[in-house]
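Architecture at a glance
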Amino acid sequence: MTTILEARNINRSFGAVVAARNINVTVEEGETVGIIGANGAGKTTFVNIVTGYVKPSTGQILLAGTDITRLEPRAIVLAGLARSFQIPQLFASATVFDNLLYAVGIAEERGRPFWNRLRTAERLRRCDKVLEEFAIAEYRDQSVATLPQGVRKLLDIAMAMVHGPRLVLLDEPTSGITSEEKFPLMDIVVGALKEQGLTVLFIEHDMEVVSRYADRVIAFYDGSILADGPTAQVLAEPSVRELVIGEHLDGGEGGNARH
Amino acid sequence: MGYGLGLVAAAAVLVGAGWVLPEWALFLAIVSLAKGLVVLGLVVLWRTGLVSFGQGLYYGLGAYTVGLLPQITGITDAVLLVATGTAIAGLVAFALGFLLSRYREIFFAMLCLAFAMILYGILVKTEALGSTDGFHVVAVTYLGYAPAIESANQVLYVFTAIVVVVLAGLVGRYLQSVTGQMTTAIRDNELRVEYLGFSVRRAVHTKFVIAGALAGAGGAIVATAIGHVDPEMVWWITSGEFVFVTILSGSGSVIAPFIGSTVFELLRSFALEYAPNFWQIIVGGSLLAVIMFLPGGLWSLVAKWRASGR
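Residues numbered from 1 in each chain as written. Chains lettered and ligands numbered in written order. Predicted model: local features only at pLDDT ≥ 70, side-chain atom pairs only at ≥ 80, totals over all residues. Heavy atoms only, no water.

**Notes on the sheet that holds strand 3 (residues 32-37) of chain A**
Within a sheet, each strand pairs with its neighbour through backbone hydrogen bonds, oriented either parallel or antiparallel. Residue and element names in this part refer to chain A. Taken together, the 6 strands give an open sheet; going across it, the order is 6-7-8-3-9-10, and neighbouring strands pair in mixed fashion. The sheet is open, and its two edges are formed by strand 6 (81-83) and strand 10 (224-230), each paired on a single side. Across the sheet, the mean angle separating the axes of adjacent strands is 15 degrees when strand polarity is ignored. (Pairing = 2+ DSSP bridges. Helix = DSSP H or I, 4+ residues; strand = E, 2+ residues; numbered from the N terminus. Axes fitted to C-alpha atoms, helices over the stretch in contact; angles between N-to-C directions.)

Below is the structure:
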């Protein structure tokens, strides 16, 4: 199996707050890894460091063996990584179709003459196909400002995927959507990602979603990795149940995570 | 109609107008079309969410190139002069773009203004360039042809019309490309554009160079038409006027800047003619009316008319 992502001894502080403390993570190609942790545990900081949005104070990030630690987000994307956002990052004044078209255009134009038209028949067909694949074709000509949150999430992920990445990081894909929508949304997303054989890391607060879709779980607590292993094993660990999931071992329940 | 055919038709109509328009209108049309080029550059920036209050810098560079080049090299050919003015303005925009592409909003606008005012200060203090009076520009030739004085404006008009159609056509084509379409996308969400693998800074830099080069071309043509250059071409009021016309025009089409520029020049000319003491109030009131009733500029009327015809 090929190692797709390797984070070595990552540390990051924001003033007196230590957001990442000696993080070591290795992800093999084809894995689906869930990242869990209470608010402020360091999950998003880890994703931000891997995707170049935040630089680590010390440590090294390797993507398929290439050092990407100091690269800008754009260069990391070009190296084969894609990310979605907790708050979907869309082009507010454009339609659903045009949002996707911009993403497809950028992905396909790399290395080609810069004057090539954005709207080619072939590219329009590809966009329609992706919209079908992500089950959002009915919103095709709608402005993104008026979209339901679940559709915004799907579009955000679809846009991240069109350039053919090797690793996809999803930041809370089910946050802000109803409990009825979360499984259909994840079925669509994970189905599309798996069909392309992609490696997936997703941050999630919902343990039902984590246990259903992750092969492996990394639990963060106070900027450190508390546990890392097969999903059932990590979710059963007493320290994870108490400090991350929020279950008190005497049978009570805290409020760190949703069920 | 294909894009190329549309351009040929536009060129034919514009050039043909040179035989119909009276002398006073010919001059006004030359200036309107040339300044429309400057506004076209501002439209490219505006679509990206950027406003430059310093396009006078590039406009002045184009104009002073047309004034100085014949004195230094003896070249009087309009094609070479305008091309050189465009290139020099574009090169300066390229150099300054490394810094300016890092800034947005008011910081970008004010830095643009600051660079223009630096050139203004230099020109005002340079006796060799005529200081505040500027200097005369020699009559130009066209690929070896030297028009008689009475037909000079007509020939310059035809030349201007061709330059405008070519440059507006190129910009229109650019705006349909992937890099060209990264205007509203950048304005909406720079973070997303970067995470799609596209360099926002490079895109802004490219658009800034395009805007600078277009302003240089406009300045070069206006200097040729007026036959004189002076530091007022670089002054902040000149830059502000271009922003004014951009708002008046709207950003919906590459044609809009030329419509807006023509309306502005007509408005100013008639206001000066019939209300010489109040012309600024008329021009200012017009801008106010456009902002209040036509926030999409004059082009929004055309867009509405086209939409109603479908």
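**Digging into a nonpolar patch on the surface**
Residue and element names in this part refer to chain B. Nonpolar side chains collect at one region of the surface, where F53, L99, Y103, I106, F107 and M110 lie side by side and expose about 540 Å² of accessible area between them. It is helix 5 (residues 105-125) that provides the largest number of residues to the nonpolar patch, a total of 3 residues. Among the structural elements, Y103 can be located in the loop between helix 4 (78-100) and helix 5. On the basis of relative accessibility, which here comes to 32%, the residue Y103 falls in the partly exposed class. (Patch = residues over 30% accessible without salt bridge, like charges linked within 9 Å, V, L, I, M, F, W, Y side chains within 5 Å. Areas by Shrake-Rupley, 256 points an atom, 1.4 Å probe, with all protein chains shown as cover. Salt bridge = Lys/Arg side-chain N within 4 Å of Asp/Glu carboxyl O. Buried < 20%, exposed > 50% of the residue type's maximum accessible area, 1.4 Å probe, protein only.)

**Things to note about the pattern of salt bridges**
With the rule as written, the count across this model stands at 19 salt bridges over all chains. Among the salt bridges present, the one from D128 of chain A reaches R140 of chain A, with a minimum N-O distance of 2.7 Å. Taken together, the residues span a long stretch of sequence, with D128 of chain A in helix 4 (residues 121-133) and R140 of chain A in the loop between helix 4 and helix 5 (149-161) at a distance of 12 residues. When its relative accessible area of 27% is taken as the criterion, D128 of chain A is described as partly exposed. Judged by relative accessible area, which is 26%, R140 of chain A ranks as partly exposed. Between R140 of chain A and D141 of chain A there is a salt bridge whose closest N-O contact spans 2.9 Å. Residues participating in the shared-partner salt-bridge network are K35, E241, E265 and R268 of chain B.

**Quick notes on the confidence of the model for chain B**
When pLDDT is averaged along chain B, the result is 91; 99% of the residues meet or exceed 70. Within chain B, the lowest mean pLDDT, 79, falls on helix 1 (residues 3-17) of chain B, and the highest, 96, falls on helix 4 of chain B. (pLDDT = per-residue confidence, 0-100.)

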